[in-house]
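What follows is each chain in one-letter form.
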Amino acid sequence: MLKVDGLTVRAGSVELVHDVSFAIGPGERVGLIGESGSGKSLTALSLMGLLPEGVAASGTARLGDRDLVGVPESRIKELRGREMSMVFQEPMTALNPLMRVGAQVAEVMTLHGRARREARARAVELLERVRLSEPAQIARAYPHQLSGGQRQRVMLAIALANEPGLLICDEPTTALDVTVQKQMLELIAEVAPALLFITHDLAVVASVCERVLVMYGGRVVESGPIREVFARPRHRYTEGLLAASKLTPRGTRLPTISGSVPPAGRFPDGCVFRNRCPHATPACETAPELTGDGHAFACWHPAD
Amino acid sequence: MRGRMNAGLLVGGVLVGMVVLAALVSFFWTPHDPTLVDAAGKLREPGDGYLLGADKFGRDTFSQLMVGARTTLYVGIVAVGIAAVVGTPLGMAAGMTPRGWLSELIMRVNDLVFAFPALLLAVMLGAVYGAGTLTAMIAIGVATVPAFARVARAATLQVMVTDYVLAARAAGRRRPAIAFRHVLPNIGSVLIVQASVSFAIAILAEAALSFLGFGTRPPTPSWGRMLQESQELLFSTPRLALWPGLAIALAVLGFNLLGDGLRDFLDPKLRRIRAEG
Amino acid sequence: MPSHAGTPLIEARGLTRVYHRPRSSLTKPGAAVEALREVSLTVGRGERYGIVGESGSGKSTLLRLLCGLDRPTSGSIRFDGREITGLPERRLRFLRENLQIVFQDPMSSLDPRMRVRDLVAEPLVALGLPVGGRVAELLEAVGLPAEAAERYPHQFSGGQRQRIAIARALAPRPKVLVADEPVSALDVSVRGQILNLLADLVDELGLTLVFVSHDLSVVRHVCETVAVMSAGEIVETGPVDDVWAAPAHPYTRALLAAVPTLEGLL
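Here is what the cut-offs are and how they apply
Residues numbered from 1 in each chain as written. Chains lettered and ligands numbered in written order. Predicted model: local features only at pLDDT ≥ 70, side-chain atom pairs only at ≥ 80, totals over all residues. Heavy atoms only, no water. UniProt positions renumbered as here; feature names shortened; annotations may be inferred. Helix = DSSP H or I, 4+ residues; strand = E, 2+ residues; numbered from the N terminus. Rg over C-alpha atoms; globule rule 2.2 N^0.38 Å. Buried < 20%, exposed > 50% of the residue type's maximum accessible area, 1.4 Å probe, protein only. Contact = heavy atoms within 4.5 Å. Areas by Shrake-Rupley, 256 points an atom, 1.4 Å probe, with all protein chains shown as cover. Lys, Arg positive; Asp, Glu negative; His and termini not counted. Charge placed at Lys NZ, Arg CZ, Asp CG, Glu CD. Pairing = 2+ DSSP bridges. Axes fitted to C-alpha atoms, helices over the stretch in contact; angles between N-to-C directions. pLDDT = per-residue confidence, 0-100. Buried area = accessible area lost by both parts, 1.4 Å probe. Salt bridge = Lys/Arg side-chain N within 4 Å of Asp/Glu carboxyl O. Nonpolar A, V, L, I, M, F, W, Y, C, P; charged D, E, K, R; others polar. Phe/Tyr/Trp six-rings, centres within 6.5 Å; stacked < 30°, edge-to-face > 60°. Lys NZ or Arg CZ within 6 Å of the ring centre and 35° of its normal. Patch = residues over 30% accessible without salt bridge, like charges linked within 9 Å, V, L, I, M, F, W, Y side chains within 5 Å. Parallel < 35°, antiparallel > 145°, perpendicular 65-115°, else oblique. Left-handed = near helix turned anticlockwise from the far one by under 90°. Core = buried A, V, L, I, M, F, W, Y, C linked by side-chain atoms within 4.5 Å. Domains from an automatic or database assignment. Polar contact = N/O pair within 3.5 Å; in protein donor to acceptor, adjacent residues only side chain to side chain.

The name given to chain C in an unreviewed UniProt entry is ABC transporter ATP-binding protein, with Nonomuraea aridisoli as the source organism. What UniProt records for chain C under Sequence similarities (unreviewed entry) is the sentence "Belongs to the ABC transporter superfamily."

Chain A goes by ABC transporter ATP-binding protein in an unreviewed UniProt entry, where it is assigned to Nonomuraea aridisoli. Recorded under Subcellular location (unreviewed entry), the UniProt text for chain A is reproduced unchanged: "Cell membrane". The record in UniProt for chain A states the following under Sequence similarities (unreviewed entry): "Belongs to the ABC transporter superfamily."

(A) Main features of the overall build of chain A. The number of helices and strands found in chain A is 11 helices and 11 strands. Scaling as 2.2 N^0.38, a compact globule of 304 residues should have a C-alpha radius of gyration of about 19 Å, and chain A matches this with 20 Å. Dimensions of chain A, computed from C-alpha atoms along their principal axes, come out at roughly 65 × 50 × 30 Å. Expressed as a percentage of the 304 residues in chain A, the buried residues total 51%. Within chain A, counting contacts between residues at least 6 apart in sequence, those at least 24 apart form 63% of the total. Of the roughly 13,100 Å² that chain A leaves accessible, carbon and sulfur atoms contribute 49%. Taken together, the 34 basic and 33 acidic charged side chains of chain A have centroids lying 4 Å from each other.

(B) The sheet that holds strand 7 (residues 166-170) of chain A, seen in detail. Residues and elements named next belong to chain A. Read across the open sheet, the seven strands follow the order 6-7-8-3-9-10-11; overall the sheet is mixed. At either end of the open sheet lies a strand with only one pairing partner, and these are strand 6 (84-87) and strand 11 (296-297). Pairing of strand 3 (residues 29-33) with strand 8 (residues 195-199) involves five bridges; the strand directions are parallel. Counted as the bridge partner of Leu32 is Ile198 from strand 8. With respect to the sheet, helix 7 (residues 148-160) is in contact with strand 6 and strand 7, its orientation differing from that of strand 6 by roughly 170°.

(C) Geometry of the confidence of the model for chain A. On average, residues of chain A score 88 in pLDDT, and 99% of them reach the 70 mark or higher. Across chain A, the secondary-structure element scoring lowest on mean pLDDT is helix 3 (residues 91-94) of chain A, at 72, and the one scoring highest is strand 9 (residues 211-216) of chain A, at 94.

(D) Representation of the interface of chain C and chain A. Contacts between the two partners involve 34 residues from chain C, matched on the other side by 35 residues from chain A. Across the chain C/chain A interface, buried area totals approximately 3,000 Å², and carbon plus sulfur atoms make up 56% of it. Residue Arg253(A) is joined to Asp200(C) by a salt bridge in which the shortest nitrogen-to-oxygen separation is 2.8 Å. Among the secondary structure elements, those contributing two or more residues to the side of chain C that touches chain A are helix 6 (188-205), helix 7 (216-222), helix 8 (240-245) and helix 9 (250-258) of chain C. No other element matches the nine residues that helix 6 of chain C contributes to the side of chain C that touches chain A. Taken together, the residues of the side of chain C that touches chain A sort by class into 15 nonpolar, 11 polar and eight charged.

(E) Region of interest: the packing of aromatic side chains. Applying the stated criterion across every chain, the model contains five aromatic pairs over all chains. For the pair Tyr216(A) and Phe267(A), a centre-to-centre distance of 5.4 Å together with 85° between the ring planes defines the contact as edge-to-face. Within this pair, whereas Tyr216(A) is found in strand 9, its partner Phe267(A) is found in the loop between helix 11 (236-245) and strand 11, the two being separated by 51 residues in sequence. Each member of the pair Tyr216(A) and Phe267(A) is classed as buried. Ring centres of Tyr216(A) and Phe273(A) lie 5.3 Å apart, and the angle between their planes is 85°; this geometry places the pair in the edge-to-face category. In this pair, Tyr216(A) sits in strand 9 while Phe273(A) sits in the loop between helix 11 and strand 11, placing the two residues 57 residues apart along the sequence. Taken together, the aromatic side chains of Tyr216(A), Tyr237(A), Phe267(A) and Phe273(A) make up a single cluster linked through ring pairs. Sitting over the ring of Phe27(B), Arg70(B) keeps its end group 4.3 Å from the ring centre.

(F) Representation of a nonpolar patch on the surface in the model. Residue and element names in this part refer to chain B. A surface patch of nonpolar side chains, amounting to about 780 Å² of accessible area, comprises Val20, Leu21, Leu24, Val25, Phe27, Phe28 and Trp29. In this structure, Phe28 sits in helix 1 (residues 7-28). Taking relative accessible area as the criterion, Phe28 reaches 77% and is therefore assigned exposed.

(G) Main features of the packing of helix 1 of chain B against helix 9 (residues 239-266) of chain B. All names here are of chain B. Helix 9 packs onto helix 1 with a crossing angle of 135° between their chain directions and a minimal axis gap of 7 Å. By the angle between their axes, helix 1 is oblique relative to helix 9. In the packing of helix 1 onto helix 9, the handedness of the crossing is left-handed. In this structure, helix 1 contributes Gly8, Leu9, Val11, Gly12, Gly13, Leu15, Val16 and Val19 to the contact, and helix 9 contributes Leu250, Ala251, Leu253, Gly254, Phe255, Leu257, Leu258, Gly261, Leu262 and Phe265. Classifying every residue of the contact of helix 1 with helix 9 gives 13 nonpolar, five polar and no charged.

(H) Up close: helix 4 (residues 101-111) of chain A. Residues and elements named next belong to chain A. Burial analysis of helix 4 places eight of its 11 residues in the buried class, which makes it a mostly covered element. Among the residues of helix 4, those classed as buried are Val101, Gly102, Ala103, Gln104, Val105, Ala106, Val108 and Met109. Gly113 sits one or two positions beyond helix 4 and adopts a positive phi of about 90°.

(I) Region of interest: the nonpolar core. Within the largest apolar cluster, 66 residues are counted, with the highest numbers of intra-cluster contacts made by Val154(A), Leu156(A), Phe197(A) and Phe230(A). Here this core spans two domains, since at least three of its residues come from each of domain 1 (2-83 + 164-297) and domain 2 (97-163) of chain A. In this structure, Val102(C), Phe156(C), Leu198(C) and Leu209(C) belong to the second largest nonpolar core, which totals 52 residues.

(J) Representation of the pattern of salt bridges. This model, assessed by the stated rule, comprises 35 salt bridges over all chains. Ionic pairing is found between Arg236(A) and Glu239(A), a salt bridge with its closest N-O pair at 3.0 Å. Here the residue Arg236(A) and the residue Glu239(A) both occupy positions in helix 11, the gap between them amounting to three residues, near one helical turn. Assessed through its relative accessible area of 13%, Arg236(A) is described here as buried. A salt bridge links Glu122(C) to Arg173(B); the shortest N-O distance between them is 2.7 Å. Here Arg173(B) lies in the loop between helix 6 (163-170) and helix 7 (175-212) and Glu122(C) lies in helix 3 (residues 116-127), a pairing that spans two chains. You can call Arg173(B) buried: its relative accessible area is 7%. The structure contains a network of salt bridges with shared partners spanning Glu104(B), Arg108(B), Asp111(B) and Arg150(B).

(K) View of the domain arrangement of chain A. Residues and elements named next belong to chain A. One can read the domain layout of chain A as domain 1 (2-83 + 164-297) and domain 2 (97-163). In total, domain 1 and domain 2 occlude about 1,300 Å² of area from one another, counting both sides; carbon and sulfur atoms represent 62% of this. Considering only the side of domain 1, the residues that lose the most area to domain 2 are Pro164, Leu187 and Val191, jointly responsible for 38% of the buried surface there. Our enumeration of links across domain 1 and domain 2 arrives at one salt bridge. Taking the shortest distance from any N to any O, the salt bridge between Glu190 and Arg131 comes out at 2.3 Å. Applying the counting rule to domain 1 against domain 2 returns five residue pairs in polar contact (both at pLDDT 80 or more). Looking at side-chain class alone, the side of domain 1 that touches domain 2 contains 10 nonpolar, three polar and five charged residues.

The following block contains the structure:
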């Protein structure tokens, strides 16, 4: 379905994403975990051909038999919204405030050549599919009349409008309340054809995905089936992140990772995590390869 | 740590710099006396010490342009100064008490002044107090107050809802301290942009007033009056209109570019473009 | 730390706050929205009190009232035995000296045009207290280098900015620290650092902590007592471990069930 090989993203001389490779099969749900500055969003944007000005991607990425990287914008435009689509974090800014939501859902279909009337009817069906009650009424509403959760469902309906093969979600529930988040996650897991799910929240990714890629400093440091990676993390960063995600009882100290995520371009040479890693040795000055079948990691001193 | 120079800032700075330089140098030196009437040198062609030629009274165009730059800057500074000094506090006061009667009063009076054409105001003031550079400047300044007040109010409203103003209140800051320490610095860049745009408008207004005979009185050189005097010779000697026209256009462009450039340059958030991952 | 030691420090009774929407018709006034309805709570000296709720629950409104940043439509708040509702800003000095706030997003709660030195000293300057070497002392207490004083907020990471915000809140030696979602804008790997730091400071300085969060599991780690808010009311309150183990109100149960966890998976 999607195959990414050696994807590198640069802004001028600063490398923001380095040599990222992964594949997503049909129907597969893959999580991309990372903190701010890990390069996870840039990875997704480069697949969509939506990188900001002055940022360029190299390497290869193929969706089916179509190239996504290094091809003209116009070629990706045809694919965007049809073969693959994306749901963003902030549903308020992603919707046009002056247009009824039904028309916005219909628009993505007419853009890709569907008749107007048919698109309108199907828009209501789609709103129903993302479990909005009274879809016909919602279709006539403007974005500001909907709640955050409803707006994010509309975004999902827009993303699904042309039955894309791949759905990319970038922190789709971060702006939502937990009770709304739960329903949204269940919905995404149910309707997504193949899914690339980007988040900073380990528990969220665990409830949606089967496989996970852990990114730090623009590199994939660990990847594999989610149960294996979370139950037995090998990279020291994954290990630290998992430990930091668990809240221990009151009065005890929380496990932490020392220091903070460096700004882009200031990560150390060799292993990107070595300046924060309690197990770092001189060996870590050489960059470790991502090795292993199924469950892979890039660490010289992996956890057992 | 300072931001990168952008092209607009550079070009704007150079254009404005040229105007300022010409004005400063004109205090000490001009190629010829710009007010010297010389019947023999009437409509002298460029060359022979007269870089841009002379007008119908034989006055050197280049010297007039230099001294005219002085008038232009003078008018701009005083007019924008009046507008900023009066308009900014009014706008801030309105923005800091958005639901109060004070805010209503300020903004409605503002609308009233705004609805009144600046040129008409200048013509009226000129008729009552006599036309001259000073009346023109005051009129332009007063007419520009509402623009400043509005921009200041809009920016203040934005600053007042930020967490750092809430945090300052929680820290025990009173209104005046919040106005000076938080609001003013944070609306500064918006005001600078407004000042440069207003400066450009003031230059145009002064030129227009002088052209109409309500601005700078002869013999003080002014770009607007140079245009007016060249009017009748527009087809026979177009260069007389070309040079002051070009000077006005470039000065206006310069101030506009400078304002835009400064806004980006002064914004601490834009100073460092962070790549988000 | 013993809870409920001595007299209550903060006592709120029957707080109601009604907002008016801007009018959309010439003849009718704007619709009234009850953001807070008859809310009462008591925070004891040295207590760690958690307030949990989702957006629209009224927790932000309650917080503003408790901090004297807004006035209730009705009801009263006593701080250390003194009424604070309806007092003008100039008579709230005792509150400002004794109660300080850490906001959710340290990027927006620190004025981008001020140096860290001035930010941290601001409560002292505002209250007319001596600054002296206090800024360096505070920066050290929150684990920042002394050079940080000369820099601007945007030069720091999210976690470091939150440390700056904490240093600033501690400047006037308050009795109460109010933390409004202090870790929800932070990366997971620094969340623990900030929570540990808060716990240490509360212990060392004997502070009373009011901790607001949307996440009951974070509140459970930090606080002894919790109040769960929904639709402008406190629907359940009590020792956090009891509420966690046996939630009584249906909303609390729904909230607990919705929090995604790693434990279930592993």
